[in-house]
Structures are given as structure tokens and as C-alpha cells.
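Coordinates in review
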Amino acid sequence: MEDLLPIMVCVVLPVAIVAIVFGARIFSENRRAQVLMKAIETSPDIDFEKLAVSLGTPRKTPCQMQSGRLLRGCAFSLVGLTFILWGVLSSAPLTLVEFYFLPGGICLSIGISYLIVFYINRQKEI
């Protein structure tokens, strides 16, 4: 029974997340196709190319992309710093402290890379 939890977290949870994401994407594409088919059936004088473009996947504006990078950069950096500080300040054995430094360093480096990309792209826009 104790071995069941790691299997659920490492195998079933990622598979479920991927299935949910792909299912939502397929559902939205099918819904767009149904709307196009209904528009074709109801009125033949509609410009279908403009309708297909308007029903296409929405694109993010550059401002939205920049704010997303800033948000992800701050979040990853904060999580990384929290892990590292937790590892430094905890009174756990050395092997457990090393466990906190690895994800902390990874998250901190990902966060710093997002922040670097944000600041470089912001300077290009100015």
C-alpha cells in the first residue's frame, strides 16, 4: 500500500494531466468546426476565410507575453529561493538538506532565465 502513492504521483497524475489538456484542446477544435459547419449550412454568402480566421486560436499580444514571462520569472525565483532558504535554515540531516538545494537551484535558474528574457525584450521595445 505504501508503494501505491509514489506510483500514483509519478505515473497516473502526469498521464491524467496530459489527457485533460489534450481532451480540452480536441473539444475546442471540434467546437470551432461545428460552428463553421453551422455557418456554412445557414448562410452561403458568408466569407468563410474571414470566419475561419476569426474562429482560429487566439494569439497573445506582446504585452501579455511579456507579463507572463515576468510572472513566471518571479514565481520560479521565489520558489527557488524558498527551497534554498528552507534547506539552509532547516535542522534536517545533510542528505535531506541536499534534497532542497537541487529543486531550489533548478527553480531559481529557470526564474532568472525568464527574468533575463523579460528585461532583454523590454529593452528592445523601448
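Remember, it's a predicted structure, so these values are computed and weren't measured experimentally.

A tally of regular secondary structure across the chain gives four helices and zero strands. Its helices and strands in sequence order give the chain the pattern α-α-α-α, from N to C terminus. By the compact-globule yardstick of 14 Å for 126 residues, the chain is too spread out, its C-alpha radius of gyration being 23 Å. Dimensions of the chain, computed from the C-alpha atoms along their principal axes, are close to 75 × 55 × 10 Å.

Inspection of the entire model under this criterion finds four aromatic pairs. Taking 6.1 Å as the distance between ring centres and 15 degrees as the angle between the ring planes, the aromatic pair formed by Phe-76 and Tyr-114 counts as stacked. Placement of Phe-76 in helix H3 (residues 62-89) and of Tyr-114 in helix H4 (residues 94-125) is noted, with a sequence separation of 38 residues between them. Clustering of aromatic rings is evident, with ring pairs tying together Phe-83, Trp-86 and Tyr-100.

Our next topic: the confidence of the model for the chain. Chain-level statistics for the chain give a pLDDT mean of 83 and a share of 90% at 70 or above. The spread of mean pLDDT over the elements of the chain runs between helix H2 (residues 48-54), the lowest at 70, and H3, the highest at 91.

With that settled, the discussion passes to the environment of Cys-63. Secondary-structure assignment places Cys-63 in helix H3. With relative accessibility at 60%, the residue Cys-63 sits in the exposed group. In the structure, Cys-63 is positioned 26 residues away from Met-37 in sequence and 34 Å away in space, judged by C-alpha atoms.

This part is about the environment of Gly-73. Counting through the fold element by element, Gly-73 comes out in helix H3. Taking the C-alpha atoms as reference, Gly-73 lies 7.3 Å from Ser-113; in sequence the two are 40 residues apart. Not counting the four nearest positions on each side in its chain, Gly-73 is found in contact with Gly-111, Tyr-114 and Leu-115.

The subject of this paragraph is the state of the cysteines. If you walk through the whole model with that rule in mind, you get zero disulfides. Cys-63 takes part in no disulfide bond, and the closest cysteine sulfur, belonging to Cys-74, lies 15 Å away. Here Cys-74 stays free of any disulfide, with the sulfur of Cys-107 as its closest cysteine sulfur at 14 Å. Judged by relative accessible area, which is 41%, Cys-74 ranks as partly exposed.

Calculation rules
- Along each chain, numbering runs from 1 in the same order as the chain's sequence is written.
- Since the coordinates come from a predicted model, pLDDT governs what is reported: local features require at least 70, and pairs of side-chain atoms require 80 or more to be given and counted, while whole-chain, interface and lining totals use all residues.
- Side-chain numbers here rest on the full set of heavy atoms in the structure, without hydrogens or water.
- Numbered from the N terminus, helices here are DSSP runs of H or I no shorter than four residues, and strands are runs of E no shorter than two.
- The atom set for the radius of gyration is the C-alpha atoms, and the globule formula is 2.2 Å times the number of residues raised to the power 0.38.
- Between 30 and 60 degrees the pair is tilted, below 30 it is stacked and above 60 it is edge-to-face, where a pair is any two Phe, Tyr or Trp rings, Trp via its six-membered ring, whose centres lie within 6.5 Å.
- Looking at any residue, its pLDDT shows the predictor's confidence there, from 0 to 100.
- Accessibility here uses a 1.4 Å probe with only protein chains present; expressed as a share of the type maximum, an area under 20% marks a residue as buried, one over 50% as exposed, and anything in between as partly exposed.
- Any pair of residues with heavy atoms lying within 4.5 Å of one another is described as a contacting pair.
- Disulfides are defined in this document as cysteine sulfur pairs within 2.5 Å.

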